[in-house]
Amino acid sequence: MHAILELAKKKTVIFDGAMGTMLMAAGLKAGESPELWNIEKPSLVAEIHRQYCEAGSDAVHTNTFGCNAVKLANRGLAEETEKINVEAARLAREACPAGKFVAGDIGPTGKLLKPLGDLVIEEAEEAFFRQAQALVKGGVDVVSIETMFSLQEALAALRAAKKLGDVTVIASLTFNRTKKGFFTMMGEGVKQAVSAFEEAGADVIASNCSLGSRDMIDLTKELRAATRRPVLVQPNAGKPETQKGVTFYRQTPAEFAQDCREIRSSGADMIGGCCGTNPEFIRCLVHALGNFP
Ligand SMILES: [Zn+2]
């Protein structure tokens, strides 16, 4: 069993918070490539990893959310897939003190699969395979598939990562809350998603993004009821609001941390933050859980 799964038996494993939010605070402009910062501004990315480790994160995500070849092609960077992922993994590894875990972040392609869109599943799977391979080559401990709005696309990424052999994989979907319960954008429910993830070999069942910490409490209960595998939950900092075209989150770190206590008592083994969270949220979370490093 991987050491991060062993740790989850002893304590709540704390993940990091948002990367995008922090990159923007560090000066990333709208339309600029966050992926290229791994090559061009590695010290700024490393500093974000360090801040999360200092705040008490046991694990951090690499800055590779958009680093699959399908998405990088939008910026003419498909050929750089391996280089960017290897460098991102290395710099996270170097930034983190010994004993912390580095999760190789795999996000969606940004395209819809056939028949809704024009992306064929084999192309998606190949892109995810190349990314996962490069992340592992760069030294990540686990692969973390995140912010997937489509179960089919998440499964393509999961199969791709599992093709590498003995790799621990976290599989996360993004759910929305409706009157009938929690569903992905593609209409997949919690039980359906969890059983598909288990069948495809996911080591950790997860959900992140879209929902704030209040709604994540109820989703955690459903995830817990559907699986015996470790569960990772990463809420946003409440509901996003927009003012003059800028998205922001009103929730305070203390409110987030209080909800996360309920997320833990509802059955989450691992907790982190998504959009709008920062190292202060993680620091409050660690304190609220009485879960010091
Ligand atoms: Zn998010």
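Conventions used here
- Residues numbered from 1 in each chain as written.
- Predicted model: local features only at pLDDT ≥ 70, side-chain atom pairs only at ≥ 80, totals over all residues.
- Heavy atoms only, no water.
- Donors = N, O, S within 2.8 Å, 3.2 Å for Na, K, Ca; no water.
- Helix = DSSP H or I, 4+ residues; strand = E, 2+ residues; numbered from the N terminus.
- Buried < 20%, exposed > 50% of the residue type's maximum accessible area, 1.4 Å probe, protein only.
- 1 Å grid on protein atoms, 1.4 Å probe; cavity = no way out; pocket = protein on both sides within 12 Å on 5 of 7 lines; lining within 4 Å.
- Points joined across faces, edges and corners; volume = space filled by probe spheres on them.
- Nonpolar A, V, L, I, M, F, W, Y, C, P; charged D, E, K, R; others polar.

### Some words on the coordination of the zinc ion
So, step 1. Binding of the zinc ion to the protein goes through Cys209 (SG), Cys274 (SG) and Cys275 (SG), at separations of 2.2 to 2.3 Å.
So, step 2. Ordering the donors of the zinc ion by residue number gives the pattern C-x64-C-C. Of the two residues, Cys209 is situated in strand S8 (residues 204-212) and Cys275 in the loop between strand S12 (270-271) and helix H12 (279-288); the sequence distance between them amounts to 66 residues.
So, step 3. The exposure class of Cys209 is buried, given its relative accessible area of 10%.

### What about the layout of surface pockets?
So, step 1. By volume, the largest pocket amounts to about 970 Å³.
So, step 2. Contributing to the lining of the largest pocket are 40 residues, with Met19, Gly20, Thr21, Met24 and Cys275 lying nearest its centre.
So, step 3. Every element with two or more residues in the lining of the largest pocket is listed here: helix H2 (20-25), helix H5 (69-72), strand S4 (142-148), S8 and strand S11 (246-249).
So, step 4. Per-element tally for the lining of the largest pocket: the top contributor is H2, with five residues.
So, step 5. Its residues assigned to classes, the lining of the largest pocket shows 16 nonpolar, 16 polar and eight charged.
So, step 6. There is about 250 Å³ of room inside the second largest pocket.

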